[in-house]
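Letter by letter, the chains look like this.
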Amino acid sequence: MSPELTTVLMLLSLFILLLGFPVAFGIGTVGLVFGLLTSGPAYLYMLPARIIGGTLSEYILAAVPLFIFMGNMMQTSGVAERAFFILHRWFGGFNGGLAVATLVLAIIFAATTGVVGASETAIGLLAVPAMLKARYSQSLISGSVCGGGTLGILIPPSVMLILYAPMAGVSVIQMFAGAVIPGLLLGLSYIIYVIVRCAINPSLGPSVESEERLPFFSKESLVLGLTHLVPPFFLIFAVLGSLFFGVASPTEAGAVGALGAVVLCLCYKRLTWYTLLDNCYSTLRITAMIIFIAMAANMFTGAFLSAGCGQVITDLLTSLGLGRWGIFLTSLFIIFVLGCFIDWIGILLIVVPIFSPMLNKLGFDPLWVGLVICTSLQISFLTPPFAYSIFYLKGMNLGLSLHSMYVGIIPFVMLQIIVVAITIIFPQTCVWLPRWLTP
Amino acid sequence: MDKVLHAVDRLSDITGKCGSLLVVVLTLAICYDVILRYILAWPCFWAYDMTIMLYGSFAILGAAYCHYLGGHVRMDLLYGRLSPRGKAIADIIGYLCLFFPLMIVLVYKCGENAIWSLQLGERSSASAWRPYMWPFKLVIAYALALLLLQGIVDFVRRVITAVKGVEYES
C-alpha cells in the first residue's frame, strides 16, 4: 500500500468511532490493522515495546495520577469553600462581584488540579447556588463557571501539558512555566469581561446586601485570609516553585503536592478512611481512562508514522502553497474543528504527533507551538455539540437552563479566540517565563 | 450464568480497588526518596525503577475496573440517540470488530513477553537497582487479560439485551 492510500484509509477508518464504542479500543484497532498491513509481523513484535516499554514505563507520565490525586484531595479538603467564603464577601459588594469571585476561585483552584472535571465541579457546586440566590443572570453564571472551570487543564499542574511534552520532545517544566501567562491572561480577560458587562447592565449581576460584605483591609480579612487562603497558596507555591526553579521533577512535585494535599485535609479535619479510599478509586478511574487512550494512540501513531503518513500530510499541506503561517493556522483550524467533536485527549494524542514534527521542520519554536495548541484546546471544552464543560455543569443539576448555558459560553469562546490570537501575535507571552527561568 | 458474570465483575472491582491504593504507595515512595535526597543528600538507588513500575501497574490495573464502571470515553454523537436495543447492537458490533481482535493480540503479545521475561530473568537497565522485570510484566499481562474477561462478560450482557430488547440488569 502506498503511504498516500494508507493515510486516507487510516483517517477515514477513524469514523468508526462514531459507532459509539469506547474511543480507546477503536483507535488501537485501527492502529493494529494498519500496522499489520503496512509493516507485517514486525509491528506485532514492536507491540510490547510500545506498550510496556513505552506508555506504561514513561517516567514523566507517573505525574498524571499524582496530580489527579492531589486535585481530588484538594477538593476533599474544602479549601474551595473556604476560599469562596472569603472571596465572595470581598467582591460581592460590587456589580458582578460574585462572578469575579468565582473566576478568581477558578484560577486558584486550577493551580491545584490537572483536569477540568474536578475543578469545574468544585467551583460550580459553590458558586452557582450563591449566584442564583443573588439573582445573577443564568447565562453569566454558566459562562463564568464553564470558562473558569476549563482553566484547570491549562494552568499548571496540568495533565494536558504532561501528555503533550514527551510527544513533542519539549520539557514538561518549560511547558508548565509557559502556560502560566496564557492561563492568567484567559482568567483576566474573563474577569474584565464580567466587570465591563455588569457595569453596562447591572441587572446581570446585582451587588449583594451590605451585611455580608467584608472590607479588604480589616482585621477580620487578615485572620480569615491567614487561615483560609494562605495554606492552599503555600502548597501551590511549594509545588510550582520547586518545579520552576529546577529543584524537583514534575513527578516528584506531584508526589509532594499530593502528600501536602493529604496533610491539608488532615489539618482541616476532612480526612477519613472513606474519603481517602474514594479519592484513590476516582484517581484510578481517570488515570486508567487517560493512559489507556494514550496506549492506543501510541499504537495508532506508531503505525501511521512508520508507514510514512506523516510525510504525506506534510507534503500535502506544503503543496497547497499556504506558506509557513498558512500551514500553522490551518493546523490550528483543524484542531479547532476537531475540538467540536472529540475531547482533548483524542486530539492531543493523535493530532500532535502528526503536526508537531511538521511545524518544527517549518522553523517554529516547539515550545511556543505547544503552548498555542494547548491554549486553543481550551476552546474545545466550550464548543458544541461536544462541549464537555457544559456536560459537567449540566450533570450537577443546579437549576440552570440548557439554553442559558449555550448562550452564556459564546462570549467566553470569543475571549478564548482573542487570547489565542494574542499568544500567536506576541510569542513572548508564552516563552518569556520559561526562557527567564532556564536561560 | 449470572454467578459467573458477577464473579468477573467482583474480580475487576477488587483488582481495581486494591490497585488504586498504589497511588498512595507511589506518593509515599517518591516523597521518601525526595526527603532522603534533598535533605540528607542520600540518593535512593531504587526510586526511578520503583516509580515507573508503581505508576505502570497502577494505570493498567485500572483498565478493567474503568471498563466495568463504563468509564472509557465514548463519542456519543449518534450512540446517545439510539434505543436500548440499538445501543446493545452497536456495542456488539464494537466488541466483535474493535475490542476482541485488539485485546486478544495485546494479551497474547504482552503475555508472551512476560513469560519470556520470566524465563530469561530479564532485568531493568534503567538504574543501579536493576530489578527483575517479570513481576511488572506479569501484572500488565494479568490486567490486560482481566480487561478481556470483563469485555467478554459485558459482551454477553449486551447480547442478552439485544435479544430481549430491554436493559439486562445483573
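Remember, predicted model here, so these are calculated numbers, not experimental data. (Residues numbered from 1 in each chain as written. Chains lettered and ligands numbered in written order. Predicted model: local features only at pLDDT ≥ 70, side-chain atom pairs only at ≥ 80, totals over all residues. Heavy atoms only, no water.)

(A) The overall build of chain A, seen in detail. Regarding its fold elements, chain A presents 20 helices and 0 strands. Here the C-alpha radius of gyration of chain A, 22 Å, is about what a compact globule of 439 residues would show, namely 22 Å. Taking all 439 residues of chain A together, the buried fraction comes to 62%. Sequence separation of 24 or more characterises 81% of the internal contacts of chain A that already satisfy a separation of 6 or more. Carbon and sulfur atoms provide 72% of the accessible area of chain A, an area that totals close to 15,900 Å². (Helix = DSSP H or I, 4+ residues; strand = E, 2+ residues; numbered from the N terminus. Rg over C-alpha atoms; globule rule 2.2 N^0.38 Å. Buried < 20%, exposed > 50% of the residue type's maximum accessible area, 1.4 Å probe, protein only. Contact = heavy atoms within 4.5 Å. Areas by Shrake-Rupley, 256 points an atom, 1.4 Å probe, with all protein chains shown as cover.)

(B) Spotlight on the confidence of the model for chain B. Across chain B, the average pLDDT comes to 92, with 99% of residues at or above 70. Across the assembled chains, the prediction reports ipTM 0.95 with pTM 0.94. (pLDDT = per-residue confidence, 0-100.)

(C) View of the side chain of B:Asp91. Along the chain, B:Asp91 turns up in helix 5 (residues 84-120). Separated by 3.0 Å, the side chains of B:Asp91 and B:Arg158 make a polar contact. In this structure, B:Asp91 is in contact with A:Phe21, B:Arg74, B:Tyr79 and B:Arg158, ignoring residues within four places of it in sequence. (Polar contact = N/O pair within 3.5 Å; in protein donor to acceptor, adjacent residues only side chain to side chain.)

(D) How the structure looks around the interface of chain A and chain B. Taken together, the contacts link 56 residues of chain A with 59 residues of chain B. Summing both partners gives a buried area of about 5,200 Å² for chain A against chain B, and 83% of it is carried by carbon and sulfur. Put simply, chain A and chain B have 1 salt bridge between them. Across the salt bridge formed by A:Glu252 and B:Arg37, the nearest N and O atoms sit 2.3 Å from each other. Summed over the shared surface of chain A and chain B, the number is 7 residue pairs in polar contact (both at pLDDT 80 or more). Of all the elements in the fold, those that place two or more residues in the side of chain A that touches chain B are helix 2 (23-39), helix 3 (41-51), helix 4 (63-77), helix 12 (250-267) and helix 13 (273-306) of chain A. (Buried area = accessible area lost by both parts, 1.4 Å probe. Salt bridge = Lys/Arg side-chain N within 4 Å of Asp/Glu carboxyl O.)

(E) Broad picture of the packing of aromatic side chains. Applying the stated criterion to the full structure yields 29 aromatic pairs over all chains. Between A:Tyr388 and A:Phe391, the ring centres sit 5.6 Å apart and the planes meet at 65°, which makes this aromatic pair edge-to-face. Here A:Tyr388 pairs with A:Phe391, and both are found in helix 18 (residues 388-395), just 3 residues apart, close to one helical turn. Given a relative accessible area of 28%, A:Phe391 falls into the partly exposed group. Among the aromatic side chains, those forming a connected cluster through ring pairs are A:Phe21, A:Phe25, A:Phe292, B:Tyr95, B:Phe99, B:Phe100 and B:Phe155. One residue, B:Arg37, lies across the ring of B:Tyr38, its end atom 5.2 Å from the ring centre. Against the face of B:Tyr132 rests B:Arg123, its NZ or CZ located 4.6 Å from the ring centre. (Phe/Tyr/Trp six-rings, centres within 6.5 Å; stacked < 30°, edge-to-face > 60°. Lys NZ or Arg CZ within 6 Å of the ring centre and 35° of its normal.)

(F) View of the pattern of salt bridges. Summed over the entire model, instances satisfying the criterion amount to 11 salt bridges over all chains. B:Asp91 is the salt-bridge partner of B:Arg74, the closest N and O atoms lying 3.1 Å from each other. Of the two residues, B:Arg74 sits in the loop between helix 3 (47-68) and helix 4 (76-79) while B:Asp91 sits in helix 5, which places them 17 residues apart along the sequence. With a closest N to O distance of 3.0 Å, B:Arg158 and B:Asp91 form a salt bridge. A residue pair is termed long-range when its members are at least 10 positions apart, and B:Arg158 in helix 6 (residues 134-164) and B:Asp91 in helix 5 qualify at 67 residues. For the pair B:Arg158 and B:Asp91, a shared accessibility class is recorded, and that class is buried. Three or more residues joined by partner-sharing salt bridges are found here, namely A:Glu252, B:Asp33 and B:Arg37.

(G) Just the environment of B:Met1, in detail. All names here are of chain B. By secondary structure assignment, the location of Met 1 is in the segment before helix 1 (2-20). The sequence separation of Met 1 and Ile 60 amounts to 59 residues, and the corresponding C-alpha distance is 28 Å. Aside from chain neighbours lying at most four places away, what touches Met 1 is Val 156 and Ile 160.

(H) Region of interest: unusual backbone geometry. In this structure, the amide linkage connecting A:Pro156 to the following residue, A:Pro157, adopts the cis form with an omega of -5°. Along the polypeptide, A:Pro157 turns up in the loop between helix 8 (138-150) and helix 9 (159-168). Note that the residue after A:Pro384, namely A:Pro385, is joined by a cis bond; omega there is 0°. Checked against the element boundaries, A:Pro385 lands in the loop between helix 17 (366-380) and helix 18. Phi is positive for A:Lys269, which is not a glycine, with a value near 55°. For A:Lys269, a relative accessible area of 74% corresponds to the exposed category. One non-glycine residue, B:Ala41, adopts positive backbone phi at about 55°. Topologically, B:Ala41 is positioned in the loop between helix 2 (22-39) and helix 3. For B:Ala41, a relative accessible area of 58% puts it in the exposed group.

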